[in-house]
Amino acid sequence: MLDLIIRNGTIVDGTGMPGFTGDIGIKDGKIALTGSILETAAEEIDASGKIVSPGFIDPHTHFDAQLLWDGRAKPAIEHGITTIVPGNCSLSLAPLKAEHRMKLVGMFNQIEEMPIKAFEEGVEWDWETFDEFLTRIKKDLTINVAPLVGHSVLRLWVMGDASMHRTADEEELSQMQDLLRECLRNGAIGLSTSFIDMDETLQPVPSRYADQKELGALCEVLSEFNRMLQIVHEFYDADVTVARIDQLAEISLKYKITTTFSPLFVNSTDNDAVSKVMARVDEQFERGARVWPQVQTRPIDISFSFEVPSLLFIRLPSWYQIMRFGTHDETVAAFKDEDKRKQLVAEAQSMGPLWDKLVLRQVASDANQQYVGKTLAEIAASRNTGTIDTMIDLSLEEDLQAHFLASNMGHNDNDVVGSLLANPRVHLGASDGGAHILSFATYGDTGYLFSQFVRNCKSLSLEQAVKKITLDTANIWGMEGRGVLQKGYMADITIFDAEKIARGDEYYTQDVPGDGYRYVRDGIGIDAVIIGGEVAYQNGEYTDSTNGAIIPGA
Ligand SMILES: [Zn+2]
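Source: prediction; values computed, not measured.

Chemist: I keep staring at the coordination of the zinc ion and nothing clicks. Help me out?
Modeler: Six octahedral donors around a metal ideally sit at 90 or 180 degrees from one another, while four tetrahedral donors ideally sit at 109.5 degrees. Protein coordination at the zinc ion: the donors are His60 (NE2), His62 (NE2), Cys89 (SG) and Asp432 (OD), at 2.0 to 2.8 Å from the metal. A relative accessible area of 1% places His62 in the buried class.

Right, here's the structure in full:
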């Protein structure tokens with residue numbers, strides 16, 4: 001007898017072929033039958049009028065820490081996602097010696113904007129090796145996890161403090177190779193490295209002290225296992241990006257591995273940049289290299305208050321210095337100091353009219369509620385002062401609890417983004433799920449793909465969009481036996497309404513350990529999500545299924 005049957009849905013099977021009406025039968029976590037099923041099952045779902053597709057795969061996330069207190073990686077599953085890839089951008093939580101824990105927390109705080117308090121209150125540190133970490137998260141895992149190993153943590157483990165100062169010697173290289181080999185043997189899907197990130201002291205992260213020889217030595221090990229290299233590159237500079245693509249192409253050809261770089265953004269002030277990058281991607285694919293650019297669906301929106309550092313200010317040194325290193329009282333004092341304030345205003349003016357369009361999102365006091373939802377330009381006009389001064393004044397009046405939103409900061413040209421998403425040489429991803437939790441909601445990119453680029457802009461057909469985030473992703477990453485609804489494949493399945501699927505509005509919620517807040521979005525139009533053959537989410541409710549797998553696993 002079958003365990004589960006999904007009846008009468010429109011099956012969009014992940015291959016890009018036109019959807020068709022049929023049933024799907026599941027047994028022991030796998031798809032046992034498709035077509036017309038006469039037998040019955042313990043559990044049945046009527047999917048009439050709905051799309052039945054493979055579960056969506058999110059290839060660029062930082063859910064590493066969240067998985068320790070939330071094996072569902074909420075709200076990923078509510079958006080139809082059945083598999084996530086954590087450990088991107090040179091940072092993973094294992095392998096990690098006890099003495100380096102706080103160093104890593106500092107880096108996660110600086111780079112991924114994860115609150116330190118969440119680690120203090122939500123994480124019980126009871127692992128060191130990669131295997132121990134996987135055992136730990138597997139205890140209560142609903143979503144599938146395909147974990148990358150971070151290059152910076154490999155360096156920390158082998159070289160200690162020296163990892164933050166210099167290249168590795170021969171002995172250290174071979175130790176790093178052995179360590180990576182062990183992680184891959186225990187189930188890691190690949191290696192991640194970063195060429196741009198800064199640690200909590202604003203010094204380069206360990207991976208940036210590696211030379212070509214070191215990266216080559218590690219890719220040699222990836223090659224033994226046929227696994228992925230992910231990098232975060234100098235995404236704001238097209239020429240440097242082109243050079244990184246060349247470097248990745250040489251690695252891909254020499255070691256016969258897949259590489260991916262993320263993110264590739266569309267900058268509305270420089271459309272040539274994307275054409276230049278994609279021209280080089282095309283050239284390298286034609287040589288037989290695999291250099292996948294990752295492109296996200298959503299435009300860049302950034303929320304901030306002056307209580308925590310925000311990446312919006314990263315190119316404004318006076319502001320960033322205060323946000324990063326100042327205490328609450330020091331920030332308030334700086335805003336109150338006349339000379340300091342003049343300097344801050346002058347520096348912010350260098351970013352042009354950006355500030356006028358910022359929207360006041362949220363305040364604590366009653367007095368300022370009247371301004372919520374208005375732009376800084378509007379508020380400044382009614383208060384007879386400048387926009388940057390208004391931002392500072394409101395922050396002081398609210399004891400730094402004024403929240404602002406900078407929307408459409410880039411990646412918002414639907415024509416260019418749509419044609420990139422439809423390009424067969426573009427990998428759809430880069431959500432950053434689980435990171436930057438006080439800057440924006442990294443959830444809902446899959447819903448947005450369908451609402452904006454399938455329904456509104458018609459950049460892709462429904463079948464193409466499904467293929468992009470299922471089979472294509474599974475193929476790029478070598479996730480065998482996933483991403484298609486055919487007999488013998490794993491039963492990771494999303495059932496959704498093609499007319500309704502979308503992302504909900506962004507909102508602020510308190511569900512992070514240590515009484516922390518984050519921005520999230522609800523999923524819209526997702527009826528059910530099945531992971532490893534079990535219903536994990538249905539009609540807005542989670543089940544108690546914990547059938548998540550480690551991919552590829554040991
Ligand atoms: Zn990242």
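So, next bit.
Chemist: Before we go on, may I ask you to explain the nonpolar core in this structure?
Modeler: One broad trend across soluble globular proteins is that nonpolar side chains are buried collectively. In terms of nonpolar packing, the biggest core is built from 124 residues, with Leu93, Ile143, Leu229 and Phe450 touching the most fellow members. Counting residues in hydrophobic clusters, the runner-up holds 34 residues, among them Phe306, Leu344, Leu376 and Ile379.

Chemist: Which parts of the structure should I look at to understand a negative patch on the surface?
Modeler: There is a patch of like negative charges on the surface, built from Asp3, Asp28, Glu43, Glu534 and Asp544. One can find Asp28 in the loop between strand E2 (20–27) and strand E3 (30–35).

Chemist: Would you explain helix H2 (residues 101–112) in this entry?
Modeler: Because an α-helix completes one turn every 3.6 residues, residues spaced three or four positions apart along the sequence face the same direction. Taking 1.5 Å per residue, 12 residues should reach 16 Å; H2 reaches 16 Å between its end C-alpha atoms and fits that length. Arg101, Lys103, Leu104, Val105, Gly106, Met107, Phe108, Asn109, Gln110, Ile111 and Glu112 are the residues of H2 that are buried. Where H2 is buried, its residues contact helix H3 (116–122), helix H5 (151–159) and helix H10 (317–325). Phi turns positive one or two residues past the end of H2, at Glu113, with a value near 55 degrees.

Chemist: In this structure, what is going on with the pattern of salt bridges? I would like to understand it.
Modeler: Side chains that carry opposite charge are capable of pairing whenever their charged atoms lie near each other. One pass over the structure, following the stated rule, counts 28 salt bridges. Its salt-bridge partner being Asp393, residue Arg341 comes within 2.6 Å of it at the nearest N-O pair. In this pair, Arg341 sits in helix H12 (residues 338–349) while Asp393 sits in helix H14 (residues 387–397), placing the two residues 52 residues apart along the sequence. A residue is classified by how much of its surface remains accessible, and Arg341, at 15% relative accessible area, is buried. Across the pair Asp492 and Arg482 runs a salt bridge, and its minimum N-O distance is 2.7 Å. Taken together, the residues span a long stretch of sequence, with Asp492 in the loop between helix H18 (471–477) and strand E18 (493–496) and Arg482 in the loop between H18 and E18 at a distance of 10 residues. The structure contains a network of salt bridges with shared partners spanning Arg7, Asp23 and Glu44.

Chemist: Is there a simple way to explain the packing of aromatic side chains in this structure?
Modeler: Aromatic ring pairs are described here by two measures, namely the spacing of the ring centres and the angle between the planes. In total, this model carries 26 aromatic pairs according to the counting rule given. By the ring-pair criterion, three or more aromatic residues cluster together here, those being Phe304, Phe306, Phe313, Trp319, Phe335, Trp355 and Phe404. The side chain of Arg315 reaches across the aromatic face of Tyr236, ending 4.9 Å from its centre. Above the face of the Tyr448 ring, Arg503 is positioned so that its terminal group lies 4.3 Å from the ring centre.

Chemist: Could you clarify how one ought to interpret the sheet that holds strand E8 (residues 144–145) in this entry?
Modeler: Strand pairing in a sheet takes place through backbone hydrogen bonds and is either antiparallel or parallel in direction. Ordered in space as E6-E7-E8, the 3 strands form an open sheet in which the pairing is parallel. Of all the strands in the sheet, just strand E6 (56–58) and E8 have a single pairing partner and so form its edges. As paired strands, strand E7 (residues 81–84) and E8 are joined by 2 bridges and run parallel to one another. Bridge pairing in E8 places Ile84 opposite Val145.

Chemist: Please clarify how the environment of Val232 should be interpreted in this entry.
Modeler: Along the polypeptide, Val232 turns up in strand E11 (residues 228–232). Along the backbone, Val232 and Asp197 are 35 residues apart, and their C-alpha atoms lie at a distance of 8.3 Å.

Chemist: Looking at this structure, I do not really get the pairing of strand E20 (residues 507–512). What am I missing?
Modeler: Every regular strand shows the same layout, with side chains that alternate between the two sheet faces. Note that E20 and strand E21 (residues 516–520) share 4 bridges and pair antiparallel. The partner of Thr509 across the bridge, within E21, is Arg518. In this antiparallel pair of consecutive strands, E20 and E21, the connection spans 3 residues, and Gly514 shows a positive phi of 85 degrees.

Chemist: How do you make sense of unusual backbone geometry when you look at a structure like this?
Modeler: Comment: phi is negative for the bulk of residues other than glycine, and the bulk of peptide bonds are trans. Each neighbour pair has its own omega, and for Ser262 with Pro263 the value is 0 degrees, a cis peptide bond. Considering the arrangement of structural elements, one finds Pro263 in the loop between strand E12 (259–261) and helix H9 (271–286). Cis geometry marks the peptide bond from Ile551 to Pro552, where omega comes out at 0 degrees. Along the polypeptide, Pro552 turns up in the segment after strand E25 (541–542). Despite not being glycine, Asn408 shows a phi value in the positive range, around 50 degrees. Of note, Asn408 is situated in the loop between strand E16 (403–406) and helix H15 (414–422). Asn408 sits in the partly exposed class, given a relative accessible area of 44%.

Chemist: What should I look at first to understand the packing of helix H6 (residues 170–185) against helix H7 (residues 212–225) in this one?
Modeler: Two numbers describe a pair of packed helices, the interaxial angle and the distance between the axes. In contact at an axis separation of 9 Å, H6 and H7 are set at 30 degrees when each is read in the N-to-C sense. One finds that H6 runs roughly parallel with respect to H7. The crossing of H6 and H7 is right-handed. Touching Glu170, Leu173, Met176, Gln177, Leu180, Arg181, Leu184 and Arg185 of H6 are Lys213, Glu214, Ala217, Leu218, Glu220, Val221, Leu222, Glu224 and Phe225, all from H7.

Chemist: Please clarify how the packing of H15 against helix H16 (residues 445–456) should be interpreted in this entry.
Modeler: Running from N to C, H15 and H16 cross one another at 110 degrees; their axes reach a closest spacing of 11 Å. If you check the angle between H15 and H16, you find them roughly perpendicular. Mapping the contact onto sequence places Asn414, Val417, Gly418 and Leu421 in H15 and Leu449, Gln452 and Phe453 in H16. When grouped by side-chain class, the residues that make up the contact of H15 with H16 number 4 nonpolar, 3 polar and no charged.

Definitions and cut-offs
Residues numbered from 1 in each chain as written. Predicted model: local features only at pLDDT ≥ 70, side-chain atom pairs only at ≥ 80, totals over all residues. Heavy atoms only, no water. Donors = N, O, S within 2.8 Å, 3.2 Å for Na, K, Ca; no water. Buried < 20%, exposed > 50% of the residue type's maximum accessible area, 1.4 Å probe, protein only. Core = buried A, V, L, I, M, F, W, Y, C linked by side-chain atoms within 4.5 Å. Patch = residues over 30% accessible without salt bridge, like charges linked within 9 Å, V, L, I, M, F, W, Y side chains within 5 Å. Areas by Shrake-Rupley, 256 points an atom, 1.4 Å probe, with all protein chains shown as cover. Salt bridge = Lys/Arg side-chain N within 4 Å of Asp/Glu carboxyl O. Lys, Arg positive; Asp, Glu negative; His and termini not counted. Charge placed at Lys NZ, Arg CZ, Asp CG, Glu CD. Helix = DSSP H or I, 4+ residues; strand = E, 2+ residues; numbered from the N terminus. Expected span 1.5 Å × (residues − 1). Contact = heavy atoms within 4.5 Å. Phe/Tyr/Trp six-rings, centres within 6.5 Å; stacked < 30°, edge-to-face > 60°. Lys NZ or Arg CZ within 6 Å of the ring centre and 35° of its normal. Pairing = 2+ DSSP bridges. Axes fitted to C-alpha atoms, helices over the stretch in contact; angles between N-to-C directions. Parallel < 35°, antiparallel > 145°, perpendicular 65-115°, else oblique. Left-handed = near helix turned anticlockwise from the far one by under 90°. Nonpolar A, V, L, I, M, F, W, Y, C, P; charged D, E, K, R; others polar.

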